[in-house]
Every structure is written in C-alpha cells, then in structure tokens.
Amino acid sequence: MARGKLVAGNWKMHGVAADLGEVNAISMAAETARIDVALCLPATLIERAVRAARGFAIGGQDVHQADKGAHTGCVSAAMLLDAGARLTIVGHSERREAQGESDADVKAKAEAALSAGLDVILCIGESDAVREAGHAVDTVCGQIDASLPESIADPARFSVAYEPIWAIGTGKVPSTDDIAEMHAALRGRLIHKFGEAGKLVRILYGGSVKASNAVEFFAVPDVDGALVGGASLNAADFVPIVEAASAQAS
Ligand code: PGA
C-alpha cells in the first residue's frame, strides 16, 4: 500500500472570522486534489471553519494529554473532536520551546489524541546549533524515539513532520540531500518501533515551504507531504503547494 501525500497548513496564532474566506477558497482546490489536505487552525476558528471546509480536514495545533480537569487555557482531544476537528499537531517546536514541552509530554499528547480518535501530526526538528555541530540526524532520531506513541492502530492516521527549527519562518531551507538523509533515518526509526506499519506512516517536511520550492521537496524520497506555516495563511500561496503535491500523486 502506498503512502498518499498530505499537505497540512498551520495557521499558528493567526486568523479571525474575516479570514474564513481563505478556508472556502482552499476548499475549491482541496475538493479536486488527489492528496489529503488539512488546515490546523486556532481553536476559536475550528467550528466555523469546519462548516466552510469541503473536501479537507480541519485540525487543532495542540492538545492536552488529560481528558479534562484543572488545566486553564488548554484544550482536550474530546473538545477538538466536539468542535469538528479531525486531527491535531503535537510537539511543534514553538510549543516545545515556548511552553517547555518535553518529548514525554509530546508522546502523552499523541497517545491521548490517537486514542480519542484524532489523527496526529507529530513534529520534531533540530536547532541551528545542533545542525552546525553535525548532530542533526542523531538528535532528531533521539527526539522521535522519545516522542512516538507506544502503538498506532492505523498508520494512515499518524504522521511525523520533520521541521528544522532554523528553517521555520526564515526562508532558509535544508538541501534536498539533507532532507533525504533525515527522512531515511526517520523511516528507519518508525520501522524499528512499529515494524511493517512504520512503512505506512507519512513523514512530512516543514520549514519555509512555498510554491517555489514545493515541487523539489515533494520529489525527495520519503517526503510524503508538507507542514506549511506562513504560506498556508491564504489560498493564493497554499493552493499551488496543494497542486504541486497533487500533480505528483500517482
Ligand atoms: P513556515 O512554518 O512554513 O512558516 O516556515 C512551518 C511550521 O512551523 O509548521
């Protein structure tokens, strides 16, 4: 069974009701695309975006590992599902850095989301200093080993996103050789952990993905799609990335 591509947008802390027109416009492309498309939105927009989205999934950007409780400001998997979300990001580097989330936290979040019925995109990636020191592959493999859920019932519902921190929002990107090296190493870790199912988990690339570089990234072996930040905020930038992935779908 082949892995179909997934192009997911991450709006981060952007978007109010006035921006829902972009969701509508993205729907038009998503409906005809031969790949999976998703938009991970601020929690405040999810329910309204679900009504505007046709042919693709709306998701959250984070989830708490507990079902409910005294966790001011947090959102549970059940709450995301209740709002109509079908997936969530966990372990984005902005949360690992600013909210101090550890690999163990990220693992617990992934497990909570999957068992509640949300699909998951689990993010990992190295800093500039780690890349410069020549430890990128070892560090990111250590991160994935410590962040992966214990088991995955359906590998099609779980994706990993390799996002070098220094490439996020900077316009800098790794070489396709570096991406290929990292994705091959990550595939090895997924197979080590999940056996045959590890071959079916999608590995996305994220970090300054644009229409101008997407075609090149999608041609790299083991790049099964993209997690897109800035270029997902409007249809004019995001749709060409969706189309680039769709054009390469067999
Ligand atoms: P970017 O963000 O596309 O704006 O670099 C990617 C991400 O943080 O997921």
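Data block above holds the structure.
The text that follows walks through the structure, step by step, so that each part is easy to find.

The rules behind these values
Residues numbered from 1 in each chain as written. Predicted model: local features only at pLDDT ≥ 70, side-chain atom pairs only at ≥ 80, totals over all residues. Heavy atoms only, no water. Near = heavy atom within 4 Å. Polar contact = N/O pair within 3.5 Å; in protein donor to acceptor, adjacent residues only side chain to side chain. Areas by Shrake-Rupley, 256 points an atom, 1.4 Å probe, with all protein chains shown as cover. Buried < 20%, exposed > 50% of the residue type's maximum accessible area, 1.4 Å probe, protein only. Phe/Tyr/Trp six-rings, centres within 6.5 Å; stacked < 30°, edge-to-face > 60°. Helix = DSSP H or I, 4+ residues; strand = E, 2+ residues; numbered from the N terminus. Contact = heavy atoms within 4.5 Å. Arc of directions from axis to C-beta. Salt bridge = Lys/Arg side-chain N within 4 Å of Asp/Glu carboxyl O. Pairing = 2+ DSSP bridges. Right-handed = clockwise from strand over helix to strand, strands pointing away.

A few points about the site of the ligand
Thought 1: What surrounds the ligand is a group of 13 residues, the closest being Lys12, His92, Glu163, Gly169 and Ser208.
Thought 2: At 2.7 Å from an oxygen atom of the ligand is found a main-chain nitrogen or oxygen belonging to Ser208.
Thought 3: When the free accessible area of the ligand is taken as 280 Å², the share hidden by the protein chains comes to 97%.

Considerations on unusual backbone geometry
Thought 1: Positive phi, normally seen in glycine, also occurs at Lys12, with a value near 50 degrees.
Thought 2: Assessed through its relative accessible area of 21%, Lys12 is described here as partly exposed.

So, the packing of aromatic side chains
Thought 1: For the structure shown, the criterion picks out three aromatic pairs.
Thought 2: On the basis of an interplanar angle of 85 degrees and a centroid distance of 6.4 Å, the ring pair of Phe158 and Phe194 is categorised as edge-to-face. Of the two residues, Phe158 sits in strand E6 (residues 158–162) while Phe194 sits in helix H8 (residues 176–194), which places them 36 residues apart along the sequence. The pair formed by Phe158 and Phe194 is uniform in burial state, with each residue classed as buried.
Thought 3: Here the aromatic residues Tyr162, Tyr205 and Phe217 are joined through ring pairs into a cluster of three or more.

Describing the side chain of Asp224
Thought 1: Relative to the helices and strands, Asp224 resides in the loop between helix H9 (211–218) and strand E8 (225–228).
Thought 2: Given the relative accessible area of 5%, Asp224 is considered buried.
Thought 3: Within polar-contact distance, the side chain of Asp224 engages the side chain of Arg3 at 3.0 Å.
Thought 4: In contact with Asp224, other than residues within four places in its own chain, are Arg3, Gly4, Lys5, Leu6, Arg187, Val201, Arg202, Ile203 and Leu204.

A short note on H9
Thought 1: Among all positions of H9, only Asn213, Ala214, Phe217 and Phe218 are buried. In an axial view of H9, the angular spread of the buried residues amounts to 135 degrees, which keeps them on one side of the axis.
Thought 2: Looking at the packing, one finds that the buried side of H9 touches strand E1 (6–10), H8, strand E7 (202–206), E8 and helix H10 (235–248).

Quick notes on the pattern of salt bridges
Here the idea is simple: oppositely charged side chains can pair when their charged atoms come close.
Thought 1: By the definition in use, this model includes 20 salt bridges.
Thought 2: Here Arg157 ties to Asp119 by a salt bridge, and the two come within 2.9 Å at their closest N and O atoms. Highlighted residues: Arg157 in the loop between helix H7 (136–147) and E6 and Asp119 in strand E5 (residues 119–124), separated in sequence by 38 residues.
Thought 3: Accessibility expressed as a relative area gives 27% for Asp119, which makes it partly exposed.
Thought 4: Beyond isolated ion pairs, a larger network of salt bridges with shared partners links Arg3, Arg187, Asp222 and Asp224.

Digging into the pairing of E7
Thought 1: The element E7 is largely enclosed, with a buried count of five among its five residues.
Thought 2: The alternating pattern of E7 places Arg202, Leu204 and Gly206 on one face and Ile203 and Tyr205 on the opposite face, and all of these are buried.
Thought 3: Taken together, the four bridges between E6 and E7 define a ladder with parallel strand orientation. By the bridge assignment for E7, Ala161 is matched with Leu204.
Thought 4: Chirality of the crossover, the property in question, places the unit of E6, H8 and E7 among those that are right-handed.
Thought 5: As paired strands, E7 and E8 are joined by two bridges and run parallel to one another. Bridging across to E8, Gly206 finds its partner in Leu227.
Thought 6: Between the parallel elements E7 and E8, the chain passes through H9 in a crossover that is right-handed.

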